[in-house]
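# A look at the structure
Take a look at the letters that make up each chain.
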Amino acid sequence: MSEAEYQRPRRKRKRKPVSEELTEKKKSTGVKEDARPKRKKKKSKSQDDEPSTHKLIALVMLGIALFGWACAAAAYAHAKEGWRSNETERFADENGGDLESDLHLTRRRAARSAMIKTAFAALMDFIGNAFRQIPNFFSVVAFTFSERLWLVILFAVLEGAAVGLGYIMEKVGESFVDSPQYP
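The structure displayed is predicted, hence computed values, not measured ones. (Residues numbered from 1 in each chain as written. Predicted model: local features only at pLDDT ≥ 70, side-chain atom pairs only at ≥ 80, totals over all residues. Heavy atoms only, no water.)

## Comments concerning helix α4 (residues 53-81)
Structurally, the α-helix is built with 3.6 residues per turn, so residues lying three or four positions apart point the same way. When the terminal C-alpha atoms of α4 are compared, their 41 Å separation across 29 residues agrees well with the 42 Å that a helix rising 1.5 Å per residue should span. Where α4 ends, the next residue or the one after it, Gly82, has phi of about 70°, a positive value. (Helix = DSSP H or I, 4+ residues; strand = E, 2+ residues; numbered from the N terminus. Expected span 1.5 Å × (residues − 1).)

## Regarding the packing of aromatic side chains
The geometry of an aromatic ring pair is captured by two quantities: the separation of the ring centres and the angle between the planes. Inspection of every chain in the model, using the stated rule, returns five aromatic pairs. Centre to centre, the rings of Phe67 and Phe126 are 6.1 Å apart; their planes meet at 55°, and the pair counts as tilted. Within this pair, whereas Phe67 is found in helix α4, its partner Phe126 is found in helix α6 (residues 104-132), the two being separated by 59 residues in sequence. Consider the rings of Phe137 and Phe138, whose centres lie 5.3 Å apart with planes at 80°: the pair is edge-to-face. One aromatic cluster is present, built from ring pairs that chain together Phe67, Phe126 and Phe155. (Phe/Tyr/Trp six-rings, centres within 6.5 Å; stacked < 30°, edge-to-face > 60°.)

## Regarding the environment of Arg148
Looking at where Arg148 falls in the secondary structure, it is placed in the loop between α7 (137-147) and α8 (149-177). Taking the C-alpha atoms as reference points, Arg148 and Ala72, 76 residues apart in sequence, are found 8.2 Å from one another. Every residue in contact with Arg148, bar those within four places of it in the chain, is listed here: Ala75, Ala79 and Phe143. (Contact = heavy atoms within 4.5 Å.)

## Side note on the confidence of the model for the protein chain
Confidence in the prediction for the protein chain averages 77 pLDDT; 61% of positions are at 70 or higher. Confidence scores differ between elements of the protein chain, with helix α3 (residues 45-49) showing the lowest mean pLDDT of 53 and α7 the highest of 94. (pLDDT = per-residue confidence, 0-100.)

## Topic: α7
Listing the buried residues of α7 in full gives Val140, Phe143 and Thr144. Angular distribution of buried residues about the axis of α7 spans 100°; they occupy a single face of the element. Turned more than 90 degrees away from the buried face of α7 sit Phe138, Phe145 and Ser146, all of them exposed. (Buried < 20%, exposed > 50% of the residue type's maximum accessible area, 1.4 Å probe, protein only. Arc of directions from axis to C-beta.)

Below is the structure:
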């Protein structure tokens, strides 16, 4: 193999726009006069593509806060509006006939499909209720602080744990940045 095959391929130079080529003055020696400052090197792609620890922790904290809001809204809606208070009766009405089969396998299949369907409907209802309670924001917050203080404390602890996780991640990340020095 020749030496040229082992060399890296050269990058193509970016062409200047035509307007810059026309406005540049040439010296009598034929060398272009370049008054532009030199550009700084960009960071490598691996550093640019990775999300920072601060962004990651901010997203985790936002997720915890949104889930906390949904839980507080569900507690408010259940206590004040009677939201999903008759779920067991509705489940029995919808799936009662299938669950009373003589065959064990048929009952198991019917129960599994009914539970999956009910869990999906409950999740969509939970998310929908979080959006429906946005106009009642102050009522939900007042109810949560007066009636469900444990919920506020729980989500405050979770938020604090996310901040602590971010601190630990920063410290571990700093230890990887410094390369070890061997004697």
